[in-house]
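Chains, contacts and geometry: an overview
Next come the chains, spelled out residue by residue.
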Amino acid sequence: MAALTSGYLPILSQGLDSPEHSLGNLTAFIWQWKALSEEGVPGKPSSTTLPLACNFLVDGERWTALPLEWRSFVENVQEEAFEEVLTDMRRHLRISGSKEKLGIVVPPTLAQWLEDVHSNSICRRPTLNITPLCLAKPLLHHMTPKKRHEVKMMGGIVAGLMEEMKVTTVVDVGSGLGYLSHALAFSSRARVISVECEELHYVKNGKRAADLLKRTDSSLTSAEGEASCSSGENGASSSQGEDSSLADRICVIQHKLSLGEDFFRFLSDSVNTDIQNVGVIGLHTCGNLATTMMDLFLQHEHISLLVDVGCCYSKDVCGAGHGETWQPRSKQAMIEMESMPGGSQVSLLSEGSLMAACHANHTPGLKGLELTFYRLLFQRLLSQFIADVAVLSEVRCGRVKSAVTFRQYCVKVAANLRPRQHGKQIDSPIYLEIQEDDCETVYMDGTLRVCHSYLDGYFEKNSALRRRVMFYWTLRNCFGEAIESLLLIDRAVNMREQGVNAHLAPIFAPSLSPRQIALIAWRERRLCKSA
């Protein structure tokens, strides 16, 4: 590889372990424990049921499939000690040995299992010393702290890589409201084509870009911290108008990316110019949109750079028909999978496992776990009256931030499901009517009527499942780290098998952005040689 004067590529090339070495152990580990995340009953095909949350209420075979000493620990340990262990698991702390303060003796096999999860998973501690993109105050408008962090860090590494590789145009796929696109266009010398398929997001993206263009150049080049930006890091200097005007550097296009199309001819026609030496980027690209971007990169020689952070791994965004299950892309992962018992007949990961990967590094706290139990219990309650699983899977409880009791949770869900004249309406196939006085429990014409005493009794009947759910859900989310690692390592290995440089690097702080690992790929012939 040609030597570079400075930048990220030498670090990526020399400082990270080869992902190929991880696939064998990781595949075997996931295969051994995948019942934790599969929606079906352990030992039975997962395709027999939809991924309903209530399938994880952890009774029957799902509970007995866990090691006996784990089950005994969960059911017999004191409540304070139980919560302490869950907190340590959630924070990725070591739980081996005894906790003298609370008299906790954690099962050694549970401690070892957690060690195995972390040792088989991608390290989430950022390894690149990224210079954040400096953003002017207008560019920060409407961004949450999480989004600001993501845009600054991803914008910083994209701008740096573009400079190293002399890339002048970048295509931001699935750009949403355009935060990253606008930051790159107005805070660096990049020419950005912002591509979004959703009508609402496309309109807002275009309006935001137009509003930014109305401002003077000085208002967009006056970054937050004058000291940190005075040297022109990442092209954020006051000379950003040298190469082209602001209006020439941002173009918003509505388009749904799909394979089999001449995407870059479409882009060239849209911007009325030939596009060469281009980079393709995506910030939290959903489902198979990320893999479609990979395929475009491999098919088009003039794409020299790919930077993508994926999310929502179970979604079929591009209409490929394979968004709900996972099959390996790399030959090596396929060989590893087929060596597993029954591996050649079934997909390694179903929708339930892909959803667990989406929750990796994002295990809720104790209150969140309590609400998870209420949600699962509520769905099981509905399942007694609604036989159609497809209908049941469409019921959305909405956001419930707090609830002290199961009854209170149900009351808030009922308010979310109720049609509203003002504000956002949840399109629900059923509605819930809760009465204070005793009444007959009836489901009729899409409405379930229950009373307070029925909800209290139902909770009491199932209260023994509370600890099981909280423990199991924590296990499942920890296991999601290994699943996500397999998905991403398989993608990187697939690129390498095609002769492309590809590495995985955590670029966001895990506490701020759980989906933080970027796939960075580039073509070696595009590198800029040092003097």
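1. Considering the overall build of the protein chain
The helix and strand tally for the protein chain stands at 21 helices and twelve strands. Each of the 531 residues in the protein chain was classed as buried or not, and the buried ones make up 52%. Long-range pairs, those at least 24 residues apart, make up 73% of the contacts in the protein chain between residues at least 6 apart in sequence. Accessible area for the protein chain stands at about 24,100 Å²; split by element, carbon and sulfur atoms hold 49% of it.

2. A closer look at the pattern of salt bridges
When the charged atoms of two side chains with opposite charge come close together, those side chains can pair. Scanning the model with the defined rule gives twelve salt bridges in all. Glu79 is paired through a salt bridge with Arg467; the nearest N and O atoms lie 3.1 Å apart. Taken together, the residues Glu79 in helix 5 (residues 79–90) and Arg467 in helix 21 (residues 465–497) connect sequence positions 388 residues apart. Residue classification places Arg467 among the buried positions, given a relative accessible area of 17%. Salt-bridge contacts for Asp295 lead to Arg329; the nearest nitrogen and oxygen are separated by 2.6 Å. Of this pair, Asp295 sits in helix 14 (residues 289–299) while Arg329 sits in the loop between strand 7 (303–311) and helix 15 (331–338), placing them 34 residues apart in sequence. For Asp295, a relative accessible area of 16% translates into the label buried. Overall, Arg329 belongs to the partly exposed group, its relative accessible area being 25%. Within the structure, one salt-bridge network assembled from shared partners comprises Glu79, Glu370, Arg466 and Arg467.

3. A few points about the sheet that holds strand 12 (residues 517–522)
As summarised here, the arrangement of the seven strands in space is 5-4-3-6-7-12-11, forming an open sheet in which the pairing is mixed. A strand with exactly one partner marks an edge of an open sheet, and here the two such strands are strand 5 (250–254) and strand 11 (501–506). Recorded for the sheet is a direction-independent mean angle of 15° between the axes of neighbouring strands. Pairing analysis gives five bridges linking strand 7 to strand 12, with the strands arranged antiparallel. Bridging from a neighbouring strand, Leu306 pairs with Ala521 of strand 12. Each of strand 3 (169–173), strand 6 (278–286), strand 7 and strand 12 touches helix 14; the most contacted strand, strand 7, lies at about 170° to it.

4. So, unusual backbone geometry
Phi is positive for His284, close to 60°, though the residue is something other than glycine. You will see that Cys312, though not glycine, has its phi angle at about 45°, which is positive. Within the fold, Cys312 resides in the loop between strand 7 and helix 15. Judged by relative accessible area, which is 24%, Cys312 ranks as partly exposed.

5. A closer look at the sheet that holds strand 9 (residues 442–444)
Strand pairing within a sheet occurs via backbone hydrogen bonds; the two strands may be parallel or antiparallel. One open sheet holds the three strands; their spatial order is 8-10-9, and the pairing between them is mixed. Every other strand in the sheet has two partners, leaving strand 8 (431–435) and strand 9 as the edge strands with one partner each. The mean inter-strand angle of the sheet, taken between neighbouring strand axes irrespective of direction, is 20°. Relative to strand 10 (residues 447–451), strand 9 is paired through three bridges, and the arrangement is antiparallel. Residue pairing across strands places Val442 opposite Arg449, the latter belonging to strand 10. Helix 20 (residues 452–462) rests against strand 8 and strand 10 of the sheet, and its axis sits at about 85° to strand 10.

6. Quick look at the environment of Cys410
By the element assignment, Cys410 lies in helix 19 (residues 406–417). Linking Cys410 and Leu455, residues 45 residues apart in sequence, is a C-alpha distance of 8.2 Å. In contact with Cys410, other than residues within four places in its own chain, are Phe378, Leu432, Ile434 and Leu455.

7. As for the confidence of the model for the protein chain
In the predicted model, the protein chain carries a mean pLDDT of 80, and 78% of its residues have values of at least 70. Below a pLDDT of 50 lies the segment residues 41–49, which in the model reaches 13 contacts outside its immediate sequence neighbourhood of four places, other chains included.

8. Regarding the packing of helix 2 (residues 23–33) against helix 15
Their axes nearest at 10 Å, the elements helix 2 and helix 15 cross at an angle of 40°. Between helix 2 and helix 15, the angle is such that the two are oblique. As helix 2 runs across helix 15, the sense of the crossing is right-handed. Counting all contacts with helix 2, which are made through Leu23, Gly24, Thr27 and Trp31, the residues of helix 15 involved are Gln332, Ala333, Glu336 and Met337. Of the residues in the contact of helix 2 with helix 15, the class split is four nonpolar, three polar and one charged.

9. Digging into the pairing of strand 10
Here strand 8 runs beside strand 10; their pairing, made up of five bridges, is parallel. Pairing of Glu433 across the sheet is with Arg449, part of strand 10.

10. Examining the environment of Leu448
Checked against the element boundaries, Leu448 lands in strand 10. Overall, Leu448 belongs to the buried group, its relative accessible area being 1%. Here the alpha-carbon distance between Leu448 and Leu382, two residues 66 residues apart in the chain, equals 8.3 Å. Those residues within four positions of Leu448 in sequence are excluded, and the remaining contacts are Leu381, Leu382, Phe385, Tyr431, Leu432, Glu433, Thr441, Val442 and Tyr443.

Reading the values: the criteria
Residues numbered from 1 in each chain as written. Predicted model: local features only at pLDDT ≥ 70, side-chain atom pairs only at ≥ 80, totals over all residues. Heavy atoms only, no water. Helix = DSSP H or I, 4+ residues; strand = E, 2+ residues; numbered from the N terminus. Buried < 20%, exposed > 50% of the residue type's maximum accessible area, 1.4 Å probe, protein only. Contact = heavy atoms within 4.5 Å. Areas by Shrake-Rupley, 256 points an atom, 1.4 Å probe, with all protein chains shown as cover. Salt bridge = Lys/Arg side-chain N within 4 Å of Asp/Glu carboxyl O. Pairing = 2+ DSSP bridges. Axes fitted to C-alpha atoms, helices over the stretch in contact; angles between N-to-C directions. pLDDT = per-residue confidence, 0-100. Parallel < 35°, antiparallel > 145°, perpendicular 65-115°, else oblique. Left-handed = near helix turned anticlockwise from the far one by under 90°. Nonpolar A, V, L, I, M, F, W, Y, C, P; charged D, E, K, R; others polar.

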